[in-house]
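# Structural overview for review
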Amino acid sequence: SNLSLQIRFILLQNRQGKTRLAKYYVPLEESEKHKVEYEVHRLVVNRDSKFTNFVEFRTHKVIYRRYAGLFFSLCVDITDNELAYLECIHLFVEILDHFFSNVCELDLVFNFHKVYLILDEFILAGELQETSKRAIIERMSELEKLE
Amino acid sequence: MNSIFSGTRLRDMIRSIRACKTAAEERGVVRKECADIRASINENDPHDRHRNLAKLMFIHMLGYPTHFGQMECLKLIASPGFPEKRIGYLGLMLLLDERQEVLMLVTNSLKQDLNHTNQYVVGLALCALGNICSAEMARDLAPEVERLIQFRDPNIRKKAALCSTRIVRKVPDLAENFINAASSLLKEKHHGVLITGVQLCYELCTINDEALEYFRKKCTEGLIKTLRDITNSAYQPEYDVAGITDPFLHIRLLKLLRVLGHGDADASDLMTDILAQVATKTESNKNAGNAVLYECVETIMAIEDTSSLRVLAINILGRFLSNRDNNIRYVALNMLMKAIAFDDQAVQRHRVTILECVKDPDASIRKRALELVSLLVNENNVKQLTKELIDYLEISDEDFKEDLSAKICSIVEKFSPEKIWYIDQMLKVLSEAGKLVKDDVWHALIVVISNASELHGYTVRALYKAVLTYSEQETLVRVAIWCIGEYGDLLVNNVGMLGIEDPITVTESDAVDVVEDAITRHNSDMTTKAMALVALLKLSSRFPSISERIKDIIVKQKGSLLLEMQQRAIEFNSIVDRHKNIRSSLVERMPVLDEATFNVRRAGSLPASVSTMAKPSVSIPNGVAAAPLVDLLDLGSDDIMAAPSSSGADFLQDLLGVDLGSSSAQSGASPGPKAGADLLMDILSIGTPSPAQNNTSSVDLLSTAGINNNPSNALDTLSSPAPPHIATSASAGGMFDLLDGLSPSPSKEATNGPAYPPIVAYESSTLKIEFTFSKPSGNPQETNVQATFINLSPDTFTDFIFQAAVPKFLQLHLDPASSNTLPASGNITQNLRVTNSQHGKKSLVMRMRIGYKLNGKDVLEEGQINNFPRGL
């Protein structure tokens, strides 16, 4: 059995189900991706806040949290540490918040490519790449200078 | 064309898309943009590539196809400038994945960029490679990446480490190459490099035993030290989360230690101190701390036993159970289920808290808690636990009641210390949730009741009282009716009073009231009503003084709209009226139902796999089990009460024994047509000359009376009007020849009665079948059919076999065919004898299946013959 524990995909969706970010670390056909996004949205959008932040999804599980109108969802192995991924989501949100100065959904829409770039400094190959918010923000500024 | 018409800016495009009010409008805008982009792509102008790709990525995120942009990614990646490469790689990762061949074209660019002098470019390449490389690319570029693990810049080292993680996932063979580089990363101080190094080592350990050995021997102590340093470290604002320095690194280190300690006592030994430290010192008031604790508990559970650590771990989980955060409670319950395997005692200590979680507002927590509780039940605590669960049953949500009642029943059955307690608990459950209780549960209850002769009086009295209050609980009513029918005399005479009971006054009329009520209540289902009639029959013997009243009730049901009830009413009335002499022996007290046999049947599989010691808690009831309990006195009843079993052996046995009644009593779900067809295929399968009756796989289940009333839902799905009675002929002879010894000599003319015209029963491009009919003397129900099979093809048929199935009201006998070889344009004949029990009311109908070999290939033809002449 594959003991490899990694993130399989990351989704940012709003309440209407519009995808604001979709990063896949496993290969999926476009149609499969759409199905996944639809299913995950359905799973998380109706969950009462008194329920846990973990839902079983096919043979894996999705860790999610809602921030304002956006759902941040991570799909991980069923045996992996849910609480750790909640922290992971929170750190990502903090980074975005810092980068965009009080981030709102519109920032993420008009600067979607930047969101991907930030994500790529935070997570790579489905694993954590950096745990310091400061380091990531600094790196982004260095890279911006090259543009 | 130049770039005057370079199209909209990215922002403007996004704005105009957002301004669309309908999906159609959006499609229109997107279509136009795509057209512009395509045109721009065709011009091959490098200026707009960057913006075009950015737009395409946005359009892609909306869900539109963007394949035409893939090559643009490649061109951008091949460009010299950083911004172009950056967006090119980003587009690559978004629009392509490892399965696409286009990706291979990037390999060369990647190789160059991995060797680029600009480290930011190197970073881009590592990122893309790490996120989407295929196995081939991984293999090609592994040496580059390995080298970069030791690059001077920590950002590159991090990326190289994670990129390597992907490489070894894709190509496990390459794992060895990375061992040394990975272990050097473990000495790093930079958190980012360290955590990626730890992850790489973890990956290597899980896919390569040599790596595991290496890291275990060489790096365990170092890792422990690293974890200790970080646990003890002073406040580091950059990495602090809720008072913990870099909880992510904590967690990754714990994970790696887990893999190193698992299965190795020495390594485990080295870790115990640090694990104890983390377990006791970590603050658990915030999620970050709890995440670390959780990982720590996982590691403690996985490494080699140190029982004091385990107790520590379980206590942490116990504390988690009382945490207000339901996420924490949830993970604790999950872990405790695993922990039970190691240390049941330690988990038992938290039983009370776990029980509280059964009442949690969150459904998934309730479910898990219930699972956990049922694993904790033993002889010592069963009474207390059951009481708590039943108390909760009364107030729980409807949607949880089913799971809860099922669990309580299974706990009670497994651990009941004495029969009277079992009966009491079951009565409570049935009173609360009878509607939701499955058939096998109340069947089991009846078996137990029947075996507890000293409790018959007590039980029937308790049931009587219960059913007065909870008459809407169907299952309770059924059990009560059965008991009143059986033990009514004990009920009205206060026979077998136990010390704990008070006498109750129940007249014979009161008892009959209850039974009558079950029949007349509008929401009683068929099973209940039918059982009530049987009970009345018994009572008519046991209560002679009100036999008239009982008779009246039965007679009234003769006019019931339910066929089953009509039939029973008529038959029972006949017994009551005209067969009083045998009535009392008919309805004598039921013989004790053998618990061991019941358990065997209930498990539903071949006896070898069933233990008859403890009652197995089985999820799917075997249709067989229903039969002996309810239908022993069913005179010709075809009531089908149990849910169908799903094993193939049961289907066969169903077919063999079945005498199906009206379909009104069908319960449970039918399997889809596929199952039914397959089953029929099995029975009609070519090359198995012996008919289905000879199948011995379900021999044990065929014993005794149990078979007769099983549903065979598989048959419902066949298109013939009623389930077929299967007959096949063995052209090699077999059973029928031995028994019949008939030689096929059909008479072509009718000897008695009218002649019937021959028919073409079937015709395809290769085969034609004709039937001619004659009636043997004396019996209008019998028809002789001579079947002629004609080979219409230019080649010879060999191994020809004809099989047929008919509905239940027909009986079919096939004589062997004249031959099983048909030369081209030749024919063979075969005699069939059909007996129509519904002669005059229903016509003959038949499904047939023909198999033969033509030019070495197996051919199968099937069809239904509907054109039999009427009156046969």
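The structure we're discussing is the one just above.
Here is a short report on the structure shown in this document. In this text, all values refer to a predicted model and were calculated from it rather than measured experimentally. (Residues numbered from 1 in each chain as written. Chains lettered and ligands numbered in written order. Predicted model: local features only at pLDDT ≥ 70, side-chain atom pairs only at ≥ 80, totals over all residues. Heavy atoms only, no water.)

## Digging into the overall build of chain A
On a plain count of helices and strands, chain A comes out with 5 helices and 7 strands. If you list the helices and strands of chain A from N to C, you get β-β-α-β-β-β-α-α-α-β-β-α. Looking at chain A as a whole, 60% of its 147 residues are labelled buried. Here the analysis covers contacts within chain A between residues at least 6 apart in sequence; of these, 45% occur between residues at least 24 apart. Here chain A displays about 5800 Å² of accessible surface, and carbon together with sulfur accounts for 48% of that area. (Helix = DSSP H or I, 4+ residues; strand = E, 2+ residues; numbered from the N terminus. Buried < 20%, exposed > 50% of the residue type's maximum accessible area, 1.4 Å probe, protein only. Contact = heavy atoms within 4.5 Å. Areas by Shrake-Rupley, 256 points an atom, 1.4 Å probe, with all protein chains shown as cover.)

## Description of the overall build of chain B
Secondary structure summary: chain B contains 37 helices and 11 strands in total. Put simply, chain B has 872 residues, and 55% of those count as buried. Within chain B, contacts between residues at least 6 apart in sequence are counted, and of these 69% link residues at least 24 apart. Total accessible area on chain B is roughly 36600 Å²; 51% of this is exposed by carbon and sulfur atoms.

## A word on the nonpolar core
Formed by 279 residues in total, the largest nonpolar core has its most connected members in A:Phe122, B:Leu92 and B:Phe215. Ranked by residues supplied to this core, first place goes to helix α26 (residues 474–492) of chain B with 12 residues. Those residues in contact with B:Leu92, other than ones at most four positions away along the chain, are B:Cys73, B:Leu74, B:Ile77, B:Leu103, B:Val106 and B:Ile132. In terms of nonpolar packing, the next biggest core, distinct from the first, is built from 33 residues, B:Ala787, B:Phe802, B:Leu812 and B:Leu872 among them. (Core = buried A, V, L, I, M, F, W, Y, C linked by side-chain atoms within 4.5 Å.)

## As for the sheet that holds strand β2 (residues 19–24) of chain A
Residues and elements named next belong to chain A. Taken in spatial order, the 5 strands line up as β2-β1-β5-β4-β3 in an open sheet, and their pairing is antiparallel. Pairing within the sheet leaves two strands with one partner each, and these edge strands are β2 and β3 (54–57). Each strand axis lies, on average, 20° off the axis of its neighbour in the sheet, ignoring direction. (Pairing = 2+ DSSP bridges. Axes fitted to C-alpha atoms, helices over the stretch in contact; angles between N-to-C directions.)

## Comments concerning the interface of chain A and chain B
How big an interface is tends to be expressed through the accessible area that disappears when the partners come together. Taken together, the contact between chain A and chain B spans 63 residues of the former and 73 residues of the latter. Together, the buried faces of chain A and chain B total about 5900 Å²; carbon and sulfur atoms form 55% of this surface. The largest share of the area that chain A buries against chain B comes from A:Leu83, A:Phe110 and A:Phe112, three residues that together contribute 12% of it. If you look at where chain A meets chain B, you find 10 salt bridges. (Buried area = accessible area lost by both parts, 1.4 Å probe. Salt bridge = Lys/Arg side-chain N within 4 Å of Asp/Glu carboxyl O.)

## As for helix α30 (residues 563–578) of chain B
Between its first and last C-alpha, α30(B) extends 22 Å over 16 residues, near the 22 Å set by a 1.5 Å rise per residue. Inspection of α30(B) places B:Glu564, B:Met565, B:Arg568, B:Ala569, B:Phe572, B:Asn573, B:Ser574, B:Ile575 and B:Val576 among the buried residues, and these make up the whole buried set. (Expected span 1.5 Å × (residues − 1).)

## A look at the pattern of salt bridges
Considering all chains together, one arrives at 56 salt bridges over all chains under this definition. Of the charged contacts in the structure, one is a salt bridge between B:Arg368 and A:Glu56, with a shortest N-O distance of 3.2 Å. Residue B:Arg368 is located in helix α20 (residues 363–376), and its partner A:Glu56 is located in strand β3; the two belong to separate chains. With a closest N to O distance of 3.9 Å, B:Asp12 and B:Arg9 form a salt bridge. Accessibility expressed as a relative area gives 29% for B:Asp12, which makes it partly exposed. When salt bridges that share partners are traced, they join A:Asp80, B:Lys255, B:Arg258 and B:Glu295 into one network.

## Quick look at unusual backbone geometry
Residues and elements named next belong to chain A. One non-glycine residue, Arg58, lies in positive phi territory at about 50°. Counting through the fold element by element, Arg58 comes out in the loop between β3 and β4 (60–67). Its identity as a non-glycine residue notwithstanding, Ser101 has a phi of 50°, on the positive side. Its location among the elements puts Ser101 in the loop between α2 (82–99) and α3 (105–110). Overall, the relative accessible area of 56% leaves Ser101 in the exposed class.

## A look at the packing of helix α4 (residues 112–122) of chain A against helix α3 (residues 49–62) of chain B
It is at 10 Å that the axes of α4(A) and α3(B) come closest, and there the two elements cross at 85°. Judged by the angle between their axes, α4(A) and α3(B) are roughly perpendicular. Across the interface between the two elements, A:Phe112, A:His113 and A:Tyr116 of α4(A) pack against B:Ala54, B:Met57, B:Phe58 and B:Met61 of α3(B). Its residues assigned to classes, the contact of α4(A) with α3(B) comprises 6 nonpolar, 1 polar and no charged. (Parallel < 35°, antiparallel > 145°, perpendicular 65-115°, else oblique. Nonpolar A, V, L, I, M, F, W, Y, C, P; charged D, E, K, R; others polar.)

## Notes on the pairing of strand β9 (residues 827–836) of chain B
On a regular strand, one side chain projects to one face of the sheet and the next to the other, so that they alternate. All names here are of chain B. Pairing analysis gives 9 bridges linking strand β6 (residues 782–791) to β9, with the strands arranged antiparallel. Paired with Gln786 across the two strands is Asn831, which belongs to β9. Across 5 bridges, the pairing between strand β8 (residues 810–814) and β9 is antiparallel. Bridged to Leu812 within β9 is Val834.

## Some thoughts on the environment of B:Gly434
Residues and elements named next belong to chain B. By the secondary structure assignment, Gly434 is in the loop between α23 (419–433) and α24 (439–451). Given the relative accessible area of 0%, Gly434 is considered buried. Residues Gly434 and Glu402, spaced 32 residues apart in sequence, show a C-alpha to C-alpha distance of 9.4 Å. Excluding residues within four positions of it along the chain, Gly434 makes contact with Val429, Gln473 and Thr475.

## Brief notes about the environment of B:Tyr294
For B:Tyr294, the location among the structural elements is in helix α15 (residues 287–302). Taking the C-alpha atoms as reference points, B:Tyr294 and B:Ala332, 38 residues apart in sequence, are found 8.1 Å from one another. Leave out the neighbours within four places in its chain, and B:Tyr294 touches A:Asn81, A:Glu82, A:Leu83, B:Phe320, B:Val331 and B:Met335.

## Considering the environment of B:Ala787
Residue and element names in this part refer to chain B. By the secondary structure assignment, Ala787 is in strand β6. We classify Ala787 as buried; its relative accessible area is 0%. Expressed as a C-alpha distance, the spacing of Ala787 and Phe773, which sit 14 residues apart in the sequence, is 9.0 Å.

## Quick notes on the sheet that holds strand β5 (residues 767–774) of chain B
Strands pair in a sheet through their backbones, by hydrogen bonds, and they do so in one of two ways: parallel or antiparallel. Residue and element names in this part refer to chain B. Pairing within the open sheet is antiparallel, and its 5 strands lie in the order β4-β5-β6-β9-β8. Since the sheet does not close on itself, it has two edges, and those belong to β4 (759–763) and β8, each with one partner. Shown here is a sheet whose adjacent strand axes are inclined to one another by a mean of 25°, direction ignored.

## Overview of the packing of aromatic side chains
For any pair of aromatic rings, geometry is given as the distance between the ring centres together with the angle between the planes. Counted by the stated rule, this structure contains 19 aromatic pairs over all chains. Look at A:Phe54 and B:Tyr330: their rings are 5.5 Å apart centre to centre, the planes differ by 50°, and that puts the pair in the tilted class. Separated into two different chains, A:Phe54 in strand β3 and B:Tyr330 in helix α17 (residues 326–342) make up a pair that spans both. This pair shows no difference in class: A:Phe54 is buried, exactly as B:Tyr330 is. Relative to B:Tyr487, the ring of B:Trp482 has its centre 6.1 Å away and its plane inclined at 85°; by these criteria the two rings are edge-to-face. For the pair formed by B:Trp482 and B:Tyr487, the shared burial category is buried. Aromatic ring contacts, followed pair by pair, group B:Phe789, B:Phe797, B:Phe800, B:Phe802 and B:Tyr852 into a single cluster. (Phe/Tyr/Trp six-rings, centres within 6.5 Å; stacked < 30°, edge-to-face > 60°.)

## Considering a negative patch on the surface
On the surface, a cluster of negative charge is contributed by B:Asp173, B:Glu176, B:Asp209 and B:Glu210. Within the secondary structure layout, B:Glu176 lies in helix α10 (residues 175–185). (Patch = residues over 30% accessible without salt bridge, like charges linked within 9 Å, V, L, I, M, F, W, Y side chains within 5 Å. Lys, Arg positive; Asp, Glu negative; His and termini not counted. Charge placed at Lys NZ, Arg CZ, Asp CG, Glu CD.)

## Thoughts on the pairing of strand β7 (residues 797–807) of chain B
Residue and element names in this part refer to chain B. Of all 11 residues in β7, 9 are buried, a share of seventy percent or more. Here 7 bridges tie β7 to strand β10 (residues 846–854), and the two strands are oriented antiparallel to one another. Within β10, the position partnered with Phe802 by the bridge is Ile850.

## A look at α4(A)
Within α4(A), 10 of the 11 residues are buried, which leaves it mostly tucked inside the rest of the structure. For α4(A), the full list of buried residues reads A:Phe112, A:His113, A:Val115, A:Tyr116, A:Leu117, A:Ile118, A:Leu119, A:Asp120, A:Glu121 and A:Phe122.

## Side note on the packing of α3(B) against helix α4 (residues 70–78) of chain B
Residue and element names in this part refer to chain B. At a minimum axis distance of 10 Å, the contact between α3 and α4 shows a crossing angle of 140°. Considering their axes alone, α3 and α4 lie oblique with respect to each other. The handedness of the crossing between α3 and α4 comes out as left-handed. Contact residues: α3 offers Arg49, His50 and Leu53, while α4 offers Glu72, Cys73, Lys75 and Leu76. (Left-handed = near helix turned anticlockwise from the far one by under 90°.)

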